[in-house]
Amino acid sequence: MSILKVARLGHPILRAKAKPIDPKDITSAPIQKLIDDMIDTMGEYHGIGLAGPQVHEGLRVFIAGLEKKDRRTGEVEVVPLAVVNPEVTPVGRDLVEDWEGCLSIPDIRGMVPRFTDITVAALDRDGKKIELRLKDFAARVAQHETDHLDGVLFFDRMTSTQSLTYLEEYSRYHSKDED
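This one's a predicted model, so the numbers in the text were calculated from it and none came from an experiment. (Residues numbered from 1 in each chain as written. Predicted model: local features only at pLDDT ≥ 70, side-chain atom pairs only at ≥ 80, totals over all residues. Heavy atoms only, no water.)

> Just give me the short version of the layout of surface pockets, but keep the residues and values in it.
Within this model, the largest pocket holds a volume of roughly 540 Å³. As for the largest pocket, its lining consists of 25 residues, of which Ile48, Glu100, Gly101, Cys102 and Arg109 are closest to the centre. For the lining of the largest pocket, the elements supplying multiple residues, two or more each, are strand E4 (95-102), strand E5 (105-115), helix H2 (136-149) and helix H4 (167-174). In terms of residue count, the dominant contributor to the lining of the largest pocket is H2 (six residues). Classifying every residue of the lining of the largest pocket gives eleven nonpolar, seven polar and seven charged. In this structure, the second largest pocket spans a volume of roughly 240 Å³. (1 Å grid on protein atoms, 1.4 Å probe; cavity = no way out; pocket = protein on both sides within 12 Å on 5 of 7 lines; lining within 4 Å. Points joined across faces, edges and corners; volume = space filled by probe spheres on them. Helix = DSSP H or I, 4+ residues; strand = E, 2+ residues; numbered from the N terminus. Nonpolar A, V, L, I, M, F, W, Y, C, P; charged D, E, K, R; others polar.)

> So what's going on with the packing of aromatic side chains? Residues and values would help.
Enumeration over the complete set of coordinates arrives at two aromatic pairs. Relative to Tyr170, the ring of Trp99 lies with its centre 5.1 Å away and its plane at 65 degrees, an arrangement referred to as edge-to-face. Placement of Trp99 in strand E4 and of Tyr170 in helix H4 is noted, with a sequence separation of 71 residues between them. The exposure class of Tyr170 is buried, given its relative accessible area of 10%. (Phe/Tyr/Trp six-rings, centres within 6.5 Å; stacked < 30°, edge-to-face > 60°. Buried < 20%, exposed > 50% of the residue type's maximum accessible area, 1.4 Å probe, protein only.)

> Describe in detail the sheet that holds strand E3 (residues 76-90), supporting the description with residues and values.
Spatial ordering of the open sheet is given by E1-E2-E3-E6-E7, a layout of five strands whose pairing is antiparallel. Looking at the sheet topology across the chains shown, the edges are occupied by strand E1 (49-51) and strand E7 (129-135). Taken over all neighbouring pairs, the strand axes of this sheet differ in orientation by 45 degrees on average, direction set aside. Where strand E6 (residues 117-123) and E7 come together, seven bridges link them in antiparallel fashion. Of the residues in E7, the one forming a bridge with Leu123 is Lys129. Across the face of the sheet, helix H1 (residues 29-44) comes into contact with E1, strand E2 (61-69) and E3 while running at roughly 60 degrees to E2. The sheet contacts of H2 involve E1, E2, E3, E6 and E7, and relative to E2 the element is tilted by about 170 degrees. (Pairing = 2+ DSSP bridges. Axes fitted to C-alpha atoms, helices over the stretch in contact; angles between N-to-C directions. Contact = heavy atoms within 4.5 Å.)

> Can you tell me about the environment of Pro113, naming the residues and giving the values?
Structurally, the position occupied by Pro113 is in strand E5. With sequence-adjacent residues up to four places away left out, Pro113 is seen in contact with Val96, Glu97, Arg157, Met158 and Thr159.

> So, H1: which residues are in play, and what are the values?
In a regular helix each residue adds 1.5 Å, so 16 residues correspond to 22 Å; H1 covers 22 Å between its end C-alpha atoms and thus fits that length. If you check which residues of H1 are buried, you get Ile31, Gln32, Leu34, Ile35, Asp37, Met38, Thr41 and Met42. For H1, the secondary structure elements touched by its buried residues are E1, E2 and E3. Just past H1, the residue His46 takes up positive phi, approximately 55 degrees. (Expected span 1.5 Å × (residues − 1).)

If you want it as structure tokens, here you go:
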């Protein structure tokens, strides 16, 4: 497995619409290696999500770190899930503006409105259909990563650029807002 190079703001692949993956190709060695490499890359950079275009692959796949609670111990762990050819549908109309960052736009944060409740219809890494009902932070992550597949960056969703801040200033002045 490899750590992949992350495309940064300004690279044309981040503005291109990614192509669907043929379901019969999902279990192929190249796609499985891409998924494994994306999981490793997301971990290396301490991300919670990573989309194909961010690693220079114009394919409709993203990895999301979703919280999973152990029924016996109650402990919560973050498990990476590969999501192929996603279709996101809002459930209701509730939007919440909250802080977002992006591995392709390092050290910058901004307030972005997102739906708080969504469904994601997709295929998993085995090519099986999945339907996820995601709320709050998990819904935000899925919408952010799906935007990458459509050539949309979080800046594009912001209602104002006044909240843009460097990570250092975010930590100093704004992260207290989340406590």
